[in-house]
Amino acid sequence: MTADYRGIPSVDRVLAHPGVARLAQTFSREAVTALTRRQLDQVRKAVANGAPAPPLDEIAQQVAHAAAAEWAAGPRPVINATGVIIHTNLGRAPLSRDALNAVQKSALGYSDLEYDLDAGDRGSRMQHVAALLQQVTGAEAALAVNNNASAVMLMLAALAAGREVIVSRGEAVEIGGGFRIPDVLRQSGATLVEVGTTNRTYLRDYQAALSPRTAALLKVHASNFRITGFTHTATLEELASLARQHGMLLLHDLGSGCLLPTERFGLAHEPTPQESITASAELVCFSTDKLLGGPQGGVVAGKRELVERVARHPLARAVRMDKLGLAALSATLLHYVKGEAIQEVPVWRMIAAPLDELETRARRWAHAVHEAASVVRGESTIGGGSLPGETLPTWLLALTPGSAGSPEELLRRLRHAPTPVIGRVVDDQVVLDPRTVSPDEEETLLEAVRHALPM
Ligand SMILES: *Cc1c(COP(=O)(O)O)cnc(C)c1O
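A few points on the structure.

### Considering the overall build of the protein chain
On a plain count of helices and strands, the protein chain comes out with 19 helices and 17 strands. In the structure as shown, the protein chain presents an accessible area of about 21900 Å², 51% of it carried by carbon and sulfur atoms. Taking the 45 positively charged and 49 negatively charged side chains of the protein chain as two groups, their mean positions are separated by 4 Å.

### Topic: the packing of helix α3 (residues 29–48) against helix α4 (residues 56–70)
Helix packing for two helices is described by the angle between their axes and how far apart those axes are. In contact at an axis separation of 10 Å, α3 and α4 are set at 125° when each is read in the N-to-C sense. By the angle class used here, α3 and α4 are oblique. Regarding α3 and α4, the two cross each other, and that crossing is right-handed. Contact residues: α3 offers Leu35, Thr36, Arg38, Gln39, Leu40 and Val43, while α4 offers Ile59, Gln62, Val63, Ala66, Ala67 and Glu70. A per-class count over the contact of α3 with α4 returns seven nonpolar, three polar and two charged.

### Looking at unusual backbone geometry
For the bond running from Gly74 to Pro75, omega is -5°, close enough to zero to count as cis. For Pro75, the position within the fold is in the loop between α4 and β1 (79–80).

### Focus: the environment of Gln127
Within the secondary structure layout, Gln127 lies in helix α6 (residues 127–137). Between the C-alpha atom of Gln127 and that of Asp116, which follows or precedes it by 11 residues, the distance is 9.2 Å. Residues in contact with Gln127, not counting those within four places in the same chain, are Asp112, Leu113 and Tyr115. Looking at Gln127, its side chain comes within polar contact range of the main-chain oxygen of Asp112, at 3.2 Å.

### Here's the deal with helix α19 (residues 442–452)
Considered for burial, the residues of α19 that qualify are Glu442, Leu445, Leu446, Ala448, Val449 and Ala452. End-on view of α19: buried residues confined to an arc of 160°, all on one side of the axis. Opposite its buried face, α19 presents the exposed residues Glu443 and His451, each directed more than 90 degrees away. Here the buried face of α19 lies against β1, α17 (355–369), β14 (391–399), α18 (407–415), β15 (421–422) and β17 (429–432).

### Thoughts on the pattern of salt bridges
For the structure on display, the rule yields 19 salt bridges. Arg122 is the salt-bridge partner of Glu114, the closest N and O atoms lying 3.6 Å from each other. What makes Arg122 exposed here is its relative accessible area of 65%. Of the charged contacts, one joins Arg186 and Asp183 as a salt bridge, the two residues approaching to 3.2 Å between their closest N and O atoms. Here Asp183 and Arg186 lie together in helix α8 (residues 181–188), a separation of three residues that amounts to about one turn. Asp183 gets classed as partly exposed once you look at its relative accessible area, which sits at 31%.

### Observations concerning helix α10 (residues 236–245)
The set of residues buried in α10 consists of Leu236, Leu239, Ala240, Leu242 and Ala243. Within α10, the buried residues cover an arc of 165° as seen down the axis, which keeps them to one side. Exposed positions of α10 whose direction lies more than 90 degrees from the buried face are Glu237, Arg244 and Gln245. Contact partners of the buried residues in α10: α9 (203–209), β9 (214–220), β10 (249–255) and α11 (273–278). Downstream of α10 by a residue or two, Gly247 has a phi angle that is positive, lying close to 65°.

### Quick word on the site of the ligand
Neighbouring the ligand are the residues Arg92, Asn147, Asn148, Ala149, Ile175, Phe179, His221, Ser223, Asp253, Gly255, Ser287 and Lys290. At 2.5 Å, a side-chain N or O of Ser287 approaches an oxygen atom of the ligand. Within the complex, the protein chains bury 92% of what would otherwise be the 380 Å² of accessible surface of the ligand. Elements that contribute at least two residues to the shell around the ligand include exactly α7 (148–160) and β10.

### A word on the sheet that holds strand β8 (residues 191–195)
Pairing is mixed across the open sheet formed by seven strands, whose spatial order is β4-β12-β11-β10-β9-β5-β8. Here the strands that pair on one side only, and so sit at the sheet edges, are β4 (141–145) and β8. Across the sheet, the axes of successive neighbouring strands diverge by a mean angle of 20°, strand direction being ignored. As paired strands, β10 and strand β11 (residues 283–287) are joined by four bridges and run parallel to one another. Pairing of Gly255 across the sheet is with Phe286, part of β11. Sitting on the sheet, α7 touches β4, β5 (164–168), β9, β10, β11 and β12 (298–302), and the angle it makes with β11 is about 160°.

Here is what the cut-offs are and how they apply
Residues numbered from 1 in each chain as written. Predicted model: local features only at pLDDT ≥ 70, side-chain atom pairs only at ≥ 80, totals over all residues. Heavy atoms only, no water. Helix = DSSP H or I, 4+ residues; strand = E, 2+ residues; numbered from the N terminus. Areas by Shrake-Rupley, 256 points an atom, 1.4 Å probe, with all protein chains shown as cover. Lys, Arg positive; Asp, Glu negative; His and termini not counted. Charge placed at Lys NZ, Arg CZ, Asp CG, Glu CD. Axes fitted to C-alpha atoms, helices over the stretch in contact; angles between N-to-C directions. Parallel < 35°, antiparallel > 145°, perpendicular 65-115°, else oblique. Left-handed = near helix turned anticlockwise from the far one by under 90°. Contact = heavy atoms within 4.5 Å. Nonpolar A, V, L, I, M, F, W, Y, C, P; charged D, E, K, R; others polar. Polar contact = N/O pair within 3.5 Å; in protein donor to acceptor, adjacent residues only side chain to side chain. Buried < 20%, exposed > 50% of the residue type's maximum accessible area, 1.4 Å probe, protein only. Arc of directions from axis to C-beta. Salt bridge = Lys/Arg side-chain N within 4 Å of Asp/Glu carboxyl O. Near = heavy atom within 4 Å. Pairing = 2+ DSSP bridges.

Given below as structure tokens:
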């Protein structure tokens, strides 16, 4: 059978279709013409393979779908009802109102990003966060870069390239998203010397590995997994004193950048930069969008002379923080300086949310939705490479799929709401956790649930 191309409409006919003509008004005639040509090429290929030519309406709809999928401004906002507070796939930490305002102001106009207003001359982009970071971490000096992966890489490249860095086997780990300590070390030009075993590493293991080529001991916080049972790790104090005795550096990758005591909220203790610096780690590094609750970023903080060496390394220019990040970070750090982080930084507000308030909200949701909804106890998690295995008790809205079919089908419907709602499945029910949903998102969430559940 030979392919019949005659049924395929011309580019002009598709462009004249009312649906496609409307698209050309929203976007541009050029862009929509190119998209139509591409779509028709695909149709031609399908016809060549024996498929019948689709009707004009269907082709117009395909063009509209392609435009919607490819020319949408993204990332799209979603409602995180998973109860995972620092959800890496959903953009980690939401910003505070002040941080948002700071971003908006510095985005819409010019700023003194690298301008010294007193001197009327060139300034440093680090001036905006250096003092704040010193204040909240207790470090002599600090540098902000575009994420913690680059902070680790930069620190090692500037201070250990061509030399050896000693890491415990239990800490030569993958943090997620392809960030593996052994690979980062190699890329930085340093040589990894692994010591101890996966579950037990003693101070004497580090001691035995010291050589004239050693530049540093690197401690990496196990931020996304937990080894339990028969374990041992050398303490930061022990490592600091070993490093001091032998004139080498102690570097600490903390991961999370947690500035407040997590045990206040019934969680395990998450190490803080303040503690590491007090225990005399020469340099620490951490993320700014995990428990710190700010924009994507990384910080290197510690001894002034070392921070300055790190800042002078050519890679520092390649991984510098952008002006929007700096604006958001300085506004976020100010919340800590003012002692209002628990009230103002969303990540901490979610961690600190009182259980009775979560229950009230879950009950209000259940009441507003449907008979298929109930309220059950559950657990929220911190997520995002912080406090693995730790949970906070919460109350959940639980939805029985009913005629929506399976829980997976109900989840899918919620994801396809005008503002997608992301939930999870527990015991064959779809559960939505009020902890990670802000009060201004509630109406939108309830609307999405009402639509997804067949009445
Ligand atoms: C999260 C994490 C990183 C990577 O930080 P990003 O800000 O995501 O680049 C590195 N080290 C540890 C221990 C982490 O937990």
